2 protein chains.
Amino acid sequence: MNNKESLVNFILSVVEISKDDAQEIANSFHSIEIKEKDFLLKKNQISDDYLYLESGLMRIYLHDLEGEEITIDFFTENNIVFEITSFFNRVRSEAYIQAITKCAGFRISYEELNTLFHHKPAFRDFGRAILVKEFIASQQRNYGMINRTSKERYQNLLITKPQIVKYAPLKYIASYLGVTDSTLSRLRKNF
Amino acid sequence: MNNKESLVNFILSVVEISKDDAQEIANSFHSIEIKEKDFLLKKNQISDDYLYLESGLMRIYLHDLEGEEITIDFFTENNIVFEITSFFNRVRSEAYIQAITKCAGFRISYEELNTLFHHKPAFRDFGRAILVKEFIASQQRNYGMINRTSKERYQNLLITKPQIVKYAPLKYIASYLGVTDSTLSRLRKNF
DNA sequence: AAACTTACTTGACAAAAGGCAAGAAAATAA
DNA sequence: TTATTTTCTTGCCTTTTGTCAAGTAAGTTT
């Protein structure tokens, strides 16, 4: 039996609850592995995964009006992975979530999450803290898109998620940063 | 005594709960008015307002590294207004929330919200639905910043928040859209 | 009303980024 | 290994946006 130590530590880093509570929450999660290039979620599915990513890299992407893949976000280890619209609103997903490298972690379903949310006060605080954390990250990404040059955005990614720059193809990174492949390639030349 | 009908209807539009529950939640909120150009939140304060905006327009802004005001977001009537980082994490705010026009609505404090969150299941669902709703809006804004031209972003604002275009000065809108004042002025010429 | 401040527009030029296409490099398949 | 596909780089030229500065318009204060 897996003791889910990394998940317990993650929970404790996000919210101030007892170690016992954190362990109990972690025990509600189920082990999952995803192979490189496999999908956690595909378009038109209703997402049923709230995933703690213990190791590996993932991305969430969708197709724009011209059919081009747009990478919306990257996920790195020691983070929660979910597609908020489909998971929480129980609607078909527009987006795909794909493993960039081999991934491992622990997941719960929407129903399991909801049961915990209403019956475990500690999970309530945890769940809210995760939403708040990711919401803030989204806002900061917004701010960076508006107030940073593309060079600065790339440098920022290099610092905050170096694994991404190392493992993800240029085109994923370019669409994430909001530039064309050519432009990113040129940016890279100047380190 | 105010029956807070608009707030009750707003709650019912966001989450599937009984009318009685919605009324009870609404009754926990307190009436508030804000004069044009006054502040709901200033930099370095710890936000204690979770506000349902019944009428009026607001904006949230901060100063960038050069000291320039950057309008991060606009709030219109029939929406919840809060600065998530300061309110939920109990830290000093980087941002200001200011009334663009005279505003009226209903607010609760962090402590009141937390009590409801842990003691009223219906409020739990409501609170989560609001976080989810605003998170999704933030993600869509992100997508628009990357995949729409500045002209399209302006047109979108015109359609989704025409009050803003009507009442907010050009410079607020320009920084929100991520363009300079000059560029927005030129965009406007082509309707 | 006059003075002053803030908001907006416009022109000239510079910088950043995009579109397209060719070719090199790397990864994958046969 | 060789062939094939995908990824990445680069050149040339166009479009978009920014910078700066001047000038007009509108709003506020005295």
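Residues numbered from 1 in each chain as written. Chains lettered and ligands numbered in written order. Predicted model: local features only at pLDDT ≥ 70, side-chain atom pairs only at ≥ 80, totals over all residues. Heavy atoms only, no water.

Draft legend 1. Layout of the protein's contact with DNA strand C. Near DNA strand C, the surroundings consist of 15 residues, among which A:Thr183, B:Leu170, B:Lys171, B:Arg186 and B:Lys189 are the closest. Restricting attention to atoms of DNA strand C within 4 Å of the protein, one finds that 68% of them are sugar or phosphate atoms. Here a phosphate oxygen of DNA strand C and a side-chain polar atom of A:Ser150 are 2.9 Å apart. Breaking the surface near DNA strand C down by element, the ones donating at least two residues are helix H9 (181-189) of chain A together with helix H8 (170-177) and helix H9 (181-189) of chain B. If one sorts the elements of the surface near DNA strand C by residue count, H9(B) sits on top with 4 residues. (Near = heavy atom within 4 Å. Polar contact = N/O pair within 3.5 Å; in protein donor to acceptor, adjacent residues only side chain to side chain. Helix = DSSP H or I, 4+ residues; strand = E, 2+ residues; numbered from the N terminus.)

Draft legend 2. A look at the interface of chain A and chain B. Every contact between the two is made by 35 residues of chain A and, on the other side, 34 residues of chain B. Where chain A abuts chain B, roughly 3,100 Å² becomes buried across the two surfaces, and 64% of that area is made up of carbon and sulfur atoms. Of all residues in chain A, A:Arg128, A:Phe135 and A:Ile146 bury the most surface against chain B, accounting for 23% of the area lost on that side. For the pair chain A and chain B, the number of links is 0 salt bridges. At the boundary of chain A with chain B, the tally comes to 11 residue pairs in polar contact (both at pLDDT 80 or more). Of all elements in the fold, only strand S5 (69-75), helix H3 (84-89), helix H4 (110-119), helix H5 (121-147) and helix H8 (170-177) of chain A reach the threshold of two or more residues within the side of chain A that touches chain B. (Contact = heavy atoms within 4.5 Å. Buried area = accessible area lost by both parts, 1.4 Å probe. Salt bridge = Lys/Arg side-chain N within 4 Å of Asp/Glu carboxyl O.)

Draft legend 3. Just the UniProt feature "domain: Cyclic nucleotide-binding" (unreviewed entry) in chain A, in detail. UniProt marks residues 13-117 of chain A with the feature "domain: Cyclic nucleotide-binding" (unreviewed entry), using the numbering shown here. Counted over residues 13-117 of chain A, helix gives 24% and strand 38%. Its end C-alpha atoms are 19 Å apart. (UniProt positions renumbered as here; feature names shortened; annotations may be inferred.)

Draft legend 4. Broad picture of the relation of the copies chain A and chain B. It takes a turn of 180° to lay chain A on chain B, together with a shift of 0.0 Å along the axis; the resulting RMSD is 0.0 Å. In short, the pair behaves as if placed about a two-fold rotation axis. Most of the interface of chain A is mirrored in chain B, where 97% of its interface residues again form contacts. (Least-squares fit on C-alpha atoms with pLDDT ≥ 70 in both.)

Draft legend 5. Local environment of unusual backbone geometry. All names here are of chain A. Phi at Asn44 is positive, roughly 80°, even though this residue is not glycine. Mapped onto the elements, Asn44 comes out in the loop between strand S2 (39-41) and strand S3 (50-55). Its identity is not glycine, yet Arg90 carries a phi of approximately 55°, on the positive side. Considering the arrangement of structural elements, one finds Arg90 in the loop between H3 and strand S7 (96-99).

Draft legend 6. Local environment of the environment of B:Ala122. All names here are of chain B. Its location among the elements puts Ala122 in helix H5 (residues 121-147). For Ala122, a relative accessible area of 7% gives the class buried. With 33 residues separating them in the primary sequence, Ala122 and Asn89 have C-alpha atoms 23 Å apart. Residues in contact with Ala122, not counting those within four places in the same chain, are Ile17, Asp21 and Ile25. (Buried < 20%, exposed > 50% of the residue type's maximum accessible area, 1.4 Å probe, protein only.)

Draft legend 7. Examining the packing of aromatic side chains more closely. Under the counting rule described, the total for this entry stands at 26 aromatic pairs over all chains. A centroid spacing of 5.9 Å and a plane angle of 85° characterise the contact between B:Phe82 and B:Phe88, whose relative ring orientation is edge-to-face. For the pair shown, B:Phe82 and B:Phe88 are each scored as buried. Among the aromatic residues, those joined into a cluster by ring pairs are A:Phe10, A:Tyr52, A:Phe106, A:Phe123 and A:Phe126. (Phe/Tyr/Trp six-rings, centres within 6.5 Å; stacked < 30°, edge-to-face > 60°.)

Draft legend 8. Molecular detail of the sheet that holds strand S2 (residues 39-41) of chain B. All names here are of chain B. Overall, antiparallel pairing links the 4 strands, which are arranged S2-S7-S4-S5 in an open sheet. Looking at strand neighbours, the two that pair on one side only are S2 and strand S5 (69-75), the edges of this open sheet. Direction aside, the axes of adjacent strands within the sheet are offset by 30° on average. In the sheet, strand S4 (residues 58-63) pairs with strand S7 (residues 96-99) via 4 bridges, with the strands oriented antiparallel. (Pairing = 2+ DSSP bridges. Axes fitted to C-alpha atoms, helices over the stretch in contact; angles between N-to-C directions.)

Draft legend 9. Structural detail: the protein's contact with DNA strand D. Close to DNA strand D lie 14 residues, the nearest being A:Leu170, A:Lys171, A:Lys189, B:Ser150 and B:Thr183. Interatomic distance of 2.6 Å between a backbone N/O atom of A:Leu170 and a phosphate oxygen of DNA strand D. Within the side chain of A:Lys171, an N or O atom sits 2.7 Å from a phosphate oxygen of DNA strand D. For the surface near DNA strand D, the elements supplying multiple residues, two or more each, are H8 and H9 of chain A together with H9 of chain B. Counting residues per element, the surface near DNA strand D draws most heavily on H9(A), at 4 residues. Its residues assigned to classes, the surface near DNA strand D shows 3 nonpolar, 7 polar and 4 charged. (Nonpolar A, V, L, I, M, F, W, Y, C, P; charged D, E, K, R; others polar.)

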